[in-house]
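Listed below, chain by chain, are the residues.
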Amino acid sequence: PENRRLLAIIRDRKPQSAAELAQTTGRAQPNLTRTLAKLEAAGFVTMKAVGRRKAPSVAVKKIVVEIDPCSDRDRLRVA
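All values reported here derive from a predicted model rather than from experimental measurement.

> Sorry if this is basic, but what is going on with the overall build of the protein chain here?
Across its full length, the protein chain carries three helices and four strands. By the compact-globule yardstick of 12 Å for 79 residues, the protein chain is too spread out, its C-alpha radius of gyration being 15 Å. Across its three principal directions, the C-alpha atoms of the protein chain cover 50 × 25 × 20 Å. The contacts of the protein chain with a sequence gap of at least 6 include a subset with a gap of at least 24, amounting to 33%. Roughly 6,100 Å² of accessible area belongs to the protein chain as shown, and the carbon and sulfur atoms make up 51% of that amount. Charged side chains in the protein chain number 17 positive and 8 negative. The centres of these two groups are separated by 10 Å.

> Help me out: how do you make sense of the environment of T35 in this one?
By secondary structure assignment, the location of T35 is in helix 3 (residues 29–41). Given the relative accessible area of 12%, T35 is considered buried. Ignoring any residue separated from it by four or fewer positions in sequence, one finds T35 in contact with N3, L6 and R27. Among the polar contacts made by the side chain of T35, one reaches the side chain of R27 at a distance of 3.1 Å.

> When you look at the pairing of strand 2 (residues 53–58) in this model, what are you seeing that I'm missing?
Look at any regular strand and the pattern is simple: side chains alternate between the two faces of the sheet. Judged from the six bridges that link them, strand 1 (residues 45–50) and strand 2 form a sheet pairing that is antiparallel. Following the sheet pairing, K48 is matched in strand 2 by A55. Connecting strand 1 to the antiparallel partner strand 2 that follows it, the hairpin turn spans two residues, and G51 within it adopts a positive phi of roughly 65°.

> Could you clarify how one ought to interpret the packing of helix 1 (residues 2–13) against helix 2 (residues 18–25) in this entry?
Geometry of a packed helix pair, given as the angle between the helix axes and the separation of the axes. Interhelical geometry of helix 1 versus helix 2 gives an angle of 115° and a closest axis separation of 11 Å. In this structure, the crossing between helix 1 and helix 2 has a hand that is right-handed. Together, L6, I9, I10 and R13 of helix 1 and L21, T24 and T25 of helix 2 make up the contact between the two elements. Counted by class, the contact of helix 1 with helix 2 contains four nonpolar, two polar and one charged residues.

> For this particular structure, what's the right way to read a nonpolar patch on the surface?
Taken together, I63, V65, I67, L76 and V78 make up a surface patch of nonpolar side chains, about 510 Å² in accessible area. Looking at the nonpolar patch, the elements that each hand over two or more residues are strand 3 (63–66) and strand 4 (75–78). Counting through the fold element by element, V78 comes out in strand 4. Under the relative-accessibility criterion, V78 is labelled exposed at 51%.

Quick notes on the rules
- Residues numbered from 1 in each chain as written.
- Predicted model: local features only at pLDDT ≥ 70, side-chain atom pairs only at ≥ 80, totals over all residues.
- Heavy atoms only, no water.
- Helix = DSSP H or I, 4+ residues; strand = E, 2+ residues; numbered from the N terminus.
- Rg over C-alpha atoms; globule rule 2.2 N^0.38 Å.
- Contact = heavy atoms within 4.5 Å.
- Areas by Shrake-Rupley, 256 points an atom, 1.4 Å probe, with all protein chains shown as cover.
- Lys, Arg positive; Asp, Glu negative; His and termini not counted.
- Charge placed at Lys NZ, Arg CZ, Asp CG, Glu CD.
- Buried < 20%, exposed > 50% of the residue type's maximum accessible area, 1.4 Å probe, protein only.
- Polar contact = N/O pair within 3.5 Å; in protein donor to acceptor, adjacent residues only side chain to side chain.
- Pairing = 2+ DSSP bridges.
- Axes fitted to C-alpha atoms, helices over the stretch in contact; angles between N-to-C directions.
- Left-handed = near helix turned anticlockwise from the far one by under 90°.
- Nonpolar A, V, L, I, M, F, W, Y, C, P; charged D, E, K, R; others polar.
- Patch = residues over 30% accessible without salt bridge, like charges linked within 9 Å, V, L, I, M, F, W, Y side chains within 5 Å.
- Salt bridge = Lys/Arg side-chain N within 4 Å of Asp/Glu carboxyl O.

Below, the structure written as structure tokens:
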């Protein structure tokens, strides 16, 4: 839930740096930096260079999982 709220804040407020995001969310910057790295590794966030800073942006708008209980052809689609 915390990471989903974080993604919504990134999407809606479009922070220009991790420091700005930390200030907006009230989260400690080292903790936030680790979380952003994990979200980036999972493909949920991209970090774009803005001068000497990196600005987070949401990379995924929707994840759709289609499960057919009678088949082994489950699908995952990222939009």
